[in-house]
Amino acid sequence: MSKDFHDQGPRRVGQVKEVTSLANPIIKDIKALTNKKSREESGSFLAEGLKLVIDAIELGWTIRTLVYAKAAKGKPLVEQMAAKTVASGGLVLEVSEKVIASITRRDNPQMVVGIFEQRWKMLRDIRPRDGETWVALDRVRDPGNLGTIIRTADAAGASGIILLGETTDPFSLETVRATMGSVFAVPVARATPEEFIAWRKSAGVSVVATHLAGAVDYRTIDYRKKPVVLLMGNEQSGLPDQLAREADALARIPQQGRADSLNLAVATAVMLFEARRHLLSLAEGK
């Protein structure tokens, strides 16, 4: 990647760089962040839209580069985010609409894009407390599902997501879009199944897994005794025996009708809001 993309030192304070060419090396590096390998190498990812940029900055995420279209220049919130980016040593790019459309891969792109440092929660640092709910996802493959689950976890007041095995990237452009900004509010950890099994033995949690062989109605489980980890299986193959054996309860969602299964994000939402029903109240504005 270009030196300009990585070198975010103090010399950039006060600098706004105008870019109109798709061949600009900084733009090439930003566009490369649509590839997982480039995201992993740089530790960066794209967040599209002014709302997401504001959410991320307000929640303390490190912004490396702010990109905005010329049409957005002068708008108060855009100017505020540009000033905050510059103050933190980041780079601000003013670009043409064709450049921002190329970055976002959209014909009608958002006018603002932020490039942020990735942030991962370490599994060993997760020590769930009473009233906490975590979601563990085994080999989730669909970016839309993962993004929707992160958004739902945020809405339900869950404490975070644990990704098990080979999963889709929570920092892909598609996943970040689907979270609607919740990726900045919900901690995400990753682990192998073996690491998760070792962790759960000392974490003092109740693991509730959804499984086709589940004999327990998910509505009859006591979610109050301990912190809860909801363990959800892969979209196609479900939960492997290795993980299912670790569950304190194998739950099933009763169904009626011709559909033989629920979408993973929908099933996770059903489980989450039941597990946290005793903690949620309209009276508290939640």
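Residues numbered from 1 in each chain as written. Predicted model: local features only at pLDDT ≥ 70, side-chain atom pairs only at ≥ 80, totals over all residues. Heavy atoms only, no water.

> What's the story with the packing of aromatic side chains in this structure? I'm lost.
The geometry of an aromatic ring pair comes down to the distance between the two centres and the angle between the two planes. Scanning the model with the defined rule gives nine aromatic pairs in all. Ring plane angle 40 degrees and centroid distance 4.6 Å describe the contact between Phe45 and Phe171, whose orientation is recorded as tilted. Taken together, the residues span a long stretch of sequence, with Phe45 in strand β2 (residues 44-48) and Phe171 in the loop between β7 (160-164) and α8 (173-179) at a distance of 126 residues. Assessed through its relative accessible area of 1%, Phe171 is described here as buried. Site record: aromatic cluster; members linked through ring pairs are Phe45, Trp61, Phe116, Trp120, Phe171 and Phe184. Taking the ring centre of Trp61 as reference, the NZ or CZ of Arg119 above it sits at 4.4 Å. (Phe/Tyr/Trp six-rings, centres within 6.5 Å; stacked < 30°, edge-to-face > 60°. Helix = DSSP H or I, 4+ residues; strand = E, 2+ residues; numbered from the N terminus. Buried < 20%, exposed > 50% of the residue type's maximum accessible area, 1.4 Å probe, protein only. Lys NZ or Arg CZ within 6 Å of the ring centre and 35° of its normal.)

> Hey, could you run me through the environment of Ser206 in this one?
Looking at the secondary structure, you find Ser206 in strand β9 (residues 206-210). Judged by its relative accessible area of 15%, Ser206 is buried. Measuring from C-alpha to C-alpha, the distance between Ser206 and Arg224 comes to 9.6 Å, with 18 residues separating the pair along the chain.

> What's the story with the sheet that holds β9 in this structure? I'm lost.
Sheet strands pair via backbone hydrogen bonds, and the direction of the pair is either parallel or antiparallel. Ordered by their spatial adjacency, seven strands build an open sheet running β8-β7-β6-β11-β9-β12-β10, and the pairing between neighbours is parallel. Across the chains shown, the open sheet's two edge strands, defined by having one partner strand only, are β8 (188-191) and β10 (216-217). Relative to β7, strand β6 (residues 133-138) runs parallel, the two being bridged by five bridges. Residue pairing in the sheet places Val135 in a bridge with Ile161 of β7. (Pairing = 2+ DSSP bridges.)

> I'm lost on the confidence of the model for the protein in this one. Help?
Predicted confidence across the protein gives a mean pLDDT of 91, with 94% of residues reaching 70 or more. Confidence drops under a pLDDT of 50 for residues 7-14, and excluding neighbours within four residues, the segment shows 15 contacts in the predicted structure. (pLDDT = per-residue confidence, 0-100. Contact = heavy atoms within 4.5 Å.)

> Would you mind going over the packing of helix α7 (residues 143-156) against helix α11 (residues 264-275) with me for this structure?
When two helices pack together, their arrangement is given by the angle between the helix axes and by the axis-to-axis distance. Relative orientation of the contacting elements α7 and α11 amounts to 15 degrees, with a least axis distance of 9 Å. With respect to their mutual orientation, α7 and α11 come out roughly parallel. The handedness of the crossing between α7 and α11 is right-handed. Within the contact between the two elements, α7 uses Asn145, Thr148, Ile149, Thr152, Ala153, Ala155 and Ala156 and α11 uses Leu264, Ala265, Thr268, Ala269, Leu272 and Phe273. Looking at side-chain class alone, the contact of α7 with α11 contains nine nonpolar, four polar and no charged residues. (Axes fitted to C-alpha atoms, helices over the stretch in contact; angles between N-to-C directions. Parallel < 35°, antiparallel > 145°, perpendicular 65-115°, else oblique. Left-handed = near helix turned anticlockwise from the far one by under 90°. Nonpolar A, V, L, I, M, F, W, Y, C, P; charged D, E, K, R; others polar.)

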